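Chain residues, written in single-letter form:
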2 protein chains.
Amino acid sequence: MTRALRQSRSADSEASPDTRARLIEAAGEEFAENGFAKATVRDICAKAAANIAAVNYHFRDKETLYLETLRHAHRYSIEHYPHHGGLASDAPAKDRLRAFVRAFLAKMLDADRPKWHGRLISREMTEPTPALTLIIEEGVRPQFAALCAIVHELAPSLKGESLEASAASVIGQALHYHHCNSMIKRLYTERKDGFPFDLEFLTDHITRFSLAAFESIERAAGEKSKNRRGKH
Amino acid sequence: MTRALRQSRSADSEASPDTRARLIEAAGEEFAENGFAKATVRDICAKAAANIAAVNYHFRDKETLYLETLRHAHRYSIEHYPHHGGLASDAPAKDRLRAFVRAFLAKMLDADRPKWHGRLISREMTEPTPALTLIIEEGVRPQFAALCAIVHELAPSLKGESLEASAASVIGQALHYHHCNSMIKRLYTERKDGFPFDLEFLTDHITRFSLAAFESIERAAGEKSKNRRGKH
DNA sequence: GTCCGATTGAAACAGATGTTTGATCGCCGC
DNA sequence: GCGGCGATCAAACATCTGTTTCAATCGGAC
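This structure is a prediction, so every number in the text was calculated from the model and none was measured.

Conventions adopted
Residues numbered from 1 in each chain as written. Chains lettered and ligands numbered in written order. Predicted model: local features only at pLDDT ≥ 70, side-chain atom pairs only at ≥ 80, totals over all residues. Heavy atoms only, no water. Helix = DSSP H or I, 4+ residues; strand = E, 2+ residues; numbered from the N terminus. Buried < 20%, exposed > 50% of the residue type's maximum accessible area, 1.4 Å probe, protein only. Contact = heavy atoms within 4.5 Å. Buried area = accessible area lost by both parts, 1.4 Å probe. Salt bridge = Lys/Arg side-chain N within 4 Å of Asp/Glu carboxyl O. Polar contact = N/O pair within 3.5 Å; in protein donor to acceptor, adjacent residues only side chain to side chain. Nonpolar A, V, L, I, M, F, W, Y, C, P; charged D, E, K, R; others polar.

S.K.: What exactly am I supposed to notice about the overall build of chain A here?
M.R.: Tallying secondary structure elements over chain A gives ten helices and zero strands in all. Starting at the N terminus, the α and β elements of chain A follow one another as α-α-α-α-α-α-α-α-α-α. Here chain A, with 232 residues, has 47% of them falling under the buried criterion. When contacts within chain A are restricted to residue pairs at least 6 apart in sequence, long-range pairs at least 24 apart make up 69% of them.

S.K.: Please clarify how the interface of chain B and chain A should be interpreted in this entry.
M.R.: A common measure of how large an interface is: the accessible area buried when the components associate. Contact with chain B, which involves 48 residues of that partner, is made by 48 residues of chain A. Counting the surface lost from both chain B and chain A, the interface buries some 4400 Å², and carbon and sulfur atoms represent 63% of this. One can count zero salt bridges joining chain B with chain A. One can count 13 residue pairs in polar contact (both at pLDDT 80 or more) joining chain B with chain A. Secondary-structure elements contributing two or more residues to the side of chain B that touches chain A are α1 (19-38), α6 (116-126), α7 (133-154), α8 (160-179), α9 (181-187) and α10 (199-231) of chain B. Among the elements that make up the side of chain B that touches chain A, the one with the highest residue count is α8(B) (14 residues). Partitioning the side of chain B that touches chain A into residue classes produces 22 nonpolar, 14 polar and twelve charged.

S.K.: Looking at this structure, I do not really get unusual backbone geometry. What am I missing?
M.R.: What you tend to see is this: most non-glycine residues have negative phi, and most peptide bonds are trans. Residues and elements named next belong to chain A. For Ala49, which is not a glycine, the phi torsion comes out positive at approximately 55 degrees. Structurally, Ala49 can be placed in the loop between α2 (41-48) and α3 (52-58). Using a relative accessible area of 65% as the deciding quantity, one classes Ala49 as exposed.

Structure follows, in structure tokens:
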């Protein structure tokens, strides 16, 4: 009957010349800007200069289109922004933290690449859609683990939940500038030239702030264990 | 013609006995859970045990209903969670920071009060809707200013953008656990009893982390100025 | 050229959703 | 009792939106 579903197309193959790719591109922009619910198939097709039926032909659903778009964004993301930021794993932990923060921020804020990749993924973080857990697990968990490893080097006294919470503190700072972007911008409107929102400033601030915290935490841990050894 | 708009009702007056209040309550839950787009007037009315026409009668629009709901949440929020957290303004800065973080987190995570107040407001932060800027300005800006004052006491060497970025770092940590709630939860599923997401643990961690950062920053600033004085 | 499958196109369908309408009910002052 | 008025209700309306249908088109294989 319906010859709609084209389960073929191994998700990577560049078979159809254009429309499929154009659809994903257009869908990415729409979804990133308006979210899944608000973005309409018609708008997407219009932006892709494709017929409305195209989304049903190349994908099956609006939902599958979304999922495929997210997959695309995810692949792009881990390919262009590896969490080690191009640094060797035996580089000093401080540098690796900076590289991590930088890569993380760049993923979100980078403007010269089609910027919807980051926005799409961050949208998933705040309101996850059912099936995509898999992708996110695959992308986020190793990233988080890598960060935990770095933090562990910087502050060996942190363990278990405290370690993970500290890693979350680093990520939270970075994400904040992304999530509350519009809000923060408005908070700084009184400054003539706006908030210095560039990658370098933020990387620098977040790295510095976090390193300061770890340093102080370690110092305190050192004192404590010294005292303990002294008393016993 | 249409006798729909009831511009009267001074936004606070408790004129209509029930339905208006029930509508706001139901709308709050629905909007907080599903966002503005996904939440349907029919669902809201069903939850409020009101007729579909009620939302048009008491408010004018779905949008006005949303706006009014947000106003309600906002009033509730600043009333029940003052940013000073009940502390006198001459209390030690460390305590005030803790109180601030605690109030901020509580606003978001508090479960025994109808928990949608916080969720609604935080939703506005990530995707602000046009008209409500006013409310948010009114609520967020003073809160942010208060935090900046606290941070300034804790780390006098921070100034201008660095000061504001540091305040944002504190807020970012707190918001992170709220925004990425579902994501974080999933990251910790391997732990049997889940992540210790309670208010106390988070307050403690964020305060500790931030205080550590400020302490270290101040120490470094002290060193630097000492060196400078020494050299000149 | 012809056939066939893949792709595209225009139109229509079906369902959901915000909004409106006109009737009805309950209450209060007269 | 009656008229007026605020409030509620069931039903319908108009629009938007995801999806489907079926014909038209294109490109290559034979």
